[in-house]
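# Coordinate analysis (summary)
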Amino acid sequence: MSQKNETPVLVLSLLLTLALLGGGLWFLAKTLNLGSLFSSGQNAIPGNSNSGTTVALQDRFSRGERLLDPATSSADKQAGISAIASGDYAQAVTRLEASLKAKRNDPEALIYLNNARIGQSQAYTIAVSVPITSSTGAAEEILRGVAQAQTDFNRAGGVNGVPLKVAIVSDDNNPDIAKQVAADLVKDSSILGVIGHFGSDATLAAAPVYQEGGVVMISPTSTAVQISNLGNAIFRTVPSDRFTASTLSDYLLKTLNIQQVAVYYNSGNDYSRSLKEEFTTALTSDGGQVITEFDLNNSAFNAAQAVAQATQQGAQALVLLPNTGALDTALQVVTANQRKLPLLGGDSVYNPKTLQIGGNVAEGMVVAVPWVLLSNPQSPFVQTATRLWGADINWRTATAYDATQVLIAGLKRDPTRQGIQQTLNDPGFSLVGATGNIKFSLAGDRNQPMQLVLVEASSRSSYGYTFVPVATK
């Protein structure tokens, strides 16, 4: 009987002891800031949504000390990165040169090589934030433009002998991550300007952070109209969706003599939604009509049914306005259409996937883009790019090159955050870039017409199809 009565007392005493120990440990950890021993840390943020991994915020940044693009890994490149991390810049230069000799179109390696050649010497630093893990192809296209501009600038002697370093950031095109990345870049006083972000959603999330911190951000790819008037530190070297919308509307009505169309877009994406709204407004104002819309973000979306429904309702053409993440779904529409109705698309459709997956059923599709290589294949920029990368480049590379040139122009006049911002806000500021004359409106926008390209069979591409300027037809 006595043992039975004592058991509850012992259990209660044990529980009280454990509670006191737990409270003590919590107090000690809080006092000594040992929280990292009990959790993954406040800097741990989600990685690529497709991988389900968690990536520490600091592991998303690199000036050459870590590999961010696993698709381009090699023994020489990894050795060069390790050498930078250990401060052995001579070894880093040797190994990165060998890596580029084997794979010349690796922009991450070229940026790291340029940084290694500078070593610990004085340099001006900018950052470029790209979706390396979620949209590898687009990220590499942007990095090529930045790397080419950095290479040209440093070879020319920099600003009074001071070269340019580039920090690369991997943001997954995720608005939450982009916002955290922006906060860290603002805190890092060595970063004088930022190129990015890729998608309009990410740019809209990060822009207020740069504006408040007084750091110039220039997006080479974000086109949503909502980005206009976000502040005097926010710019872009790509025209807004208004230009794409008016160009597509004009082509439909005046060239194809088509008034009624069906639109396919992603309601969950700022860029896609913005472009759809601007296109609808432009077409209606010009005398046409969007007779039906289909949401690519709808889990019940069926491409074959959507094409059949559009045809039944009298659509004379199909207009694809997806974001990059919804491109695969949009290409299902291309396949279902089987070239029965004319196809048009926004700049996100200008993608190797369109050629690879679309193939012959995409032939004849017309796409609006800010710039196309074949419109001026003999320009100095194109000639240099072809020699440097050993392959054709696209509009994202050209607008990223221009974004870097804009920051360089600011550095030349006043290499401070405030100086760059004042330079770009000067009403007289302009420069001739890869895509033409660059001048910003008071809203930070680039006022430049879009160009039209179409898909046609070609031996220039390994896919058997390529994009060519409509004007050459």
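To start, this report covers the structure provided alongside it. Quick caveat: nothing in here was measured; it's all calculated off a predicted structure.

## Examining the pairing of strand S11 (residues 317-321)
The element S11 is extensively covered by neighbouring structure, given that 5 of its 5 residues are classed as buried. Side-chain alternation along S11 places Ala317, Val319 and Leu321 on one buried face and Leu318 and Leu320 on a second face that is also buried. In the sheet, strand S9 (residues 260-265) pairs with S11 via 5 bridges, with the strands oriented parallel. Bridge assignment links tyrosine 265 to a residue of S11, and that residue is leucine 321. Bridge count for S11 against strand S12 (residues 343-345) is 3 bridges, and the pairing is parallel. By the bridge assignment for S12, valine 319 is matched with leucine 344.

## Some details on unusual backbone geometry
For the bond running from glycine 196 to histidine 197, omega is 0°, close enough to zero to count as cis. Note that histidine 197 resides in the loop between strand S6 (191-195) and helix H7 (200-213). Backbone geometry places aspartate 172, a non-glycine residue, at a positive phi of 60°. Within the secondary structure, aspartate 172 sits in the loop between strand S5 (164-170) and helix H6 (175-187). Accessibility expressed as a relative area gives 9% for aspartate 172, which makes it buried.

## Things to note about helix H14 (residues 395-413)
With 19 residues, H14 should reach 27 Å at 1.5 Å per residue; the first-to-last C-alpha distance of 27 Å fits that figure. The buried fraction of H14 is high, at 15 of 19 residues.

## Let's talk about the layout of surface pockets
In this approach the atoms are scanned with a rolling probe the size of a water molecule, which exposes any empty space left behind. In this structure, the second largest pocket spans a volume of roughly 680 Å³. Together, 25 residues line the second largest pocket, and Pro352, Asp392, Ile393, Asn394 and Tyr463 are the ones closest to its centre. Listing elements by their share of the lining of the second largest pocket, those giving two or more residues are helix H5 (136-155), helix H12 (352-358) and strand S17 (465-469). Broken down by element, the residue count for the lining of the second largest pocket peaks at 4 residues, all from H5. Among the residues making up the lining of the second largest pocket, the classes are represented as 12 nonpolar, 8 polar and 5 charged.

## Notes on the environment of serine 190
By the secondary structure assignment, serine 190 is in the loop between H6 and S6. Among the residues examined, serine 190 registers a relative accessible area of 29% and is labelled partly exposed. Along the backbone, serine 190 and threonine 125 are 65 residues apart, and their C-alpha atoms lie at a distance of 6.2 Å. Ignoring anything within four residues of it in the chain, the contact list for serine 190 reads Arg63 and Thr125. Separated by 2.7 Å, the side chains of serine 190 and aspartate 188 make a polar contact.

## Observations regarding the sheet that holds S17
If you walk across this open sheet you meet the 7 strands as S10-S9-S11-S12-S13-S16-S17, and the pairing is mixed. A single partner strand is all that each edge strand has here, and the edge strands are strand S10 (289-295) and S17. If you compare each strand with its neighbour and ignore which way they point, the axes differ by 25° on average. Direction of pairing for strand S13 (residues 366-369) relative to strand S16 (residues 451-457): antiparallel, over a ladder of 4 bridges. Within S16, the position partnered with valine 369 by the bridge is glutamine 451. Packing of helix H10 (residues 303-312) onto the sheet brings it into contact with S9, S10 and S11, and relative to S10 it is tilted by some 165°.

## Points about the sheet that holds strand S4 (residues 124-130)
Reading across the sheet, the 6 strands line up as S3-S5-S4-S6-S7-S8 and stay open at both edges, with mixed pairing between neighbours. At either margin of the open sheet sits one strand with a lone partner, and together these are strand S3 (61-62) and strand S8 (234-236). Summarising the sheet, S4 and S6 pair through 3 bridges and their orientation is parallel. In the sheet register, threonine 125 faces S6, and the bridge partner there is isoleucine 191. Packed on one face of the sheet, H14 meets S4, S5, S6 and strand S7 (216-219) and runs near 160° to S6.

## Examining the nonpolar core
Formed by 97 residues in total, the largest nonpolar core has its most connected members in Val128, Ile168, Tyr264 and Leu318. Per element, the largest residue contribution to this core is 9 residues, and it comes from H14. Within the second largest apolar cluster, 26 residues are counted, among which are Ala245, Tyr251, Leu454 and Val470.

## Considering the side chain of aspartate 270
As for its position among the elements, aspartate 270 is in helix H9 (residues 270-285). With relative accessibility at 18%, the residue aspartate 270 sits in the buried group. Of note is the side chain of aspartate 270, whose polar atom sits 2.3 Å from the side chain of arginine 273. With near-sequence residues (within four places) excluded, aspartate 270 lies in contact with Ser200, Asp201, Leu204, Ala224 and Gln226.

## Digging into the packing of helix H8 (residues 241-255) against H9
Think of two packed helices as two axes; the pair is described by the angle between the axes and how far apart they sit. Close contact between H8 and H9 brings their axes to 8 Å; oriented N to C, the two are set at 45°. With respect to H9, the element H8 is oriented oblique. Here H8 and H9 pass one another in a crossing that is right-handed. For the pair formed by H8 and H9, the contact residues are Asp241, Arg242, Thr244, Ala245, Ser246, Leu248, Ser249, Leu252 and Leu253 on the first element and Tyr271, Ser274, Leu275, Glu278, Phe279, Ala282 and Leu283 on the second. Within the contact of H8 with H9, the residues separate by chemical class into 9 nonpolar, 4 polar and 3 charged.

## What to know about the packing of aromatic side chains
In this structure the tally under the stated criterion is 7 aromatic pairs. When the ring of tryptophan 371 is compared with that of phenylalanine 381, the centres are 5.8 Å apart and the planes differ by 70°; the resulting orientation is edge-to-face. Of this pair, tryptophan 371 sits in the loop between S13 and helix H13 (380-389) while phenylalanine 381 is found in helix H13, placing the two residues 10 residues apart along the sequence. Neither residue differs from the other here; tryptophan 371 and phenylalanine 381 are each classed as buried. Each residue in the set Phe235, Phe429 and Phe440 is aromatic and connected to the rest through ring pairs, giving one cluster. Here the basic side chain of arginine 144 rests over the ring of tryptophan 389, its NZ or CZ set 6.0 Å away from the ring centre. Sitting above the plane of the tyrosine 265 ring, lysine 276 keeps its charged end 4.7 Å from the centroid.

Reading the values: the criteria
- Residues numbered from 1 in each chain as written.
- Predicted model: local features only at pLDDT ≥ 70, side-chain atom pairs only at ≥ 80, totals over all residues.
- Heavy atoms only, no water.
- Buried < 20%, exposed > 50% of the residue type's maximum accessible area, 1.4 Å probe, protein only.
- Helix = DSSP H or I, 4+ residues; strand = E, 2+ residues; numbered from the N terminus.
- Pairing = 2+ DSSP bridges.
- Expected span 1.5 Å × (residues − 1).
- 1 Å grid on protein atoms, 1.4 Å probe; cavity = no way out; pocket = protein on both sides within 12 Å on 5 of 7 lines; lining within 4 Å.
- Points joined across faces, edges and corners; volume = space filled by probe spheres on them.
- Nonpolar A, V, L, I, M, F, W, Y, C, P; charged D, E, K, R; others polar.
- Contact = heavy atoms within 4.5 Å.
- Polar contact = N/O pair within 3.5 Å; in protein donor to acceptor, adjacent residues only side chain to side chain.
- Axes fitted to C-alpha atoms, helices over the stretch in contact; angles between N-to-C directions.
- Core = buried A, V, L, I, M, F, W, Y, C linked by side-chain atoms within 4.5 Å.
- Parallel < 35°, antiparallel > 145°, perpendicular 65-115°, else oblique.
- Left-handed = near helix turned anticlockwise from the far one by under 90°.
- Phe/Tyr/Trp six-rings, centres within 6.5 Å; stacked < 30°, edge-to-face > 60°.
- Lys NZ or Arg CZ within 6 Å of the ring centre and 35° of its normal.

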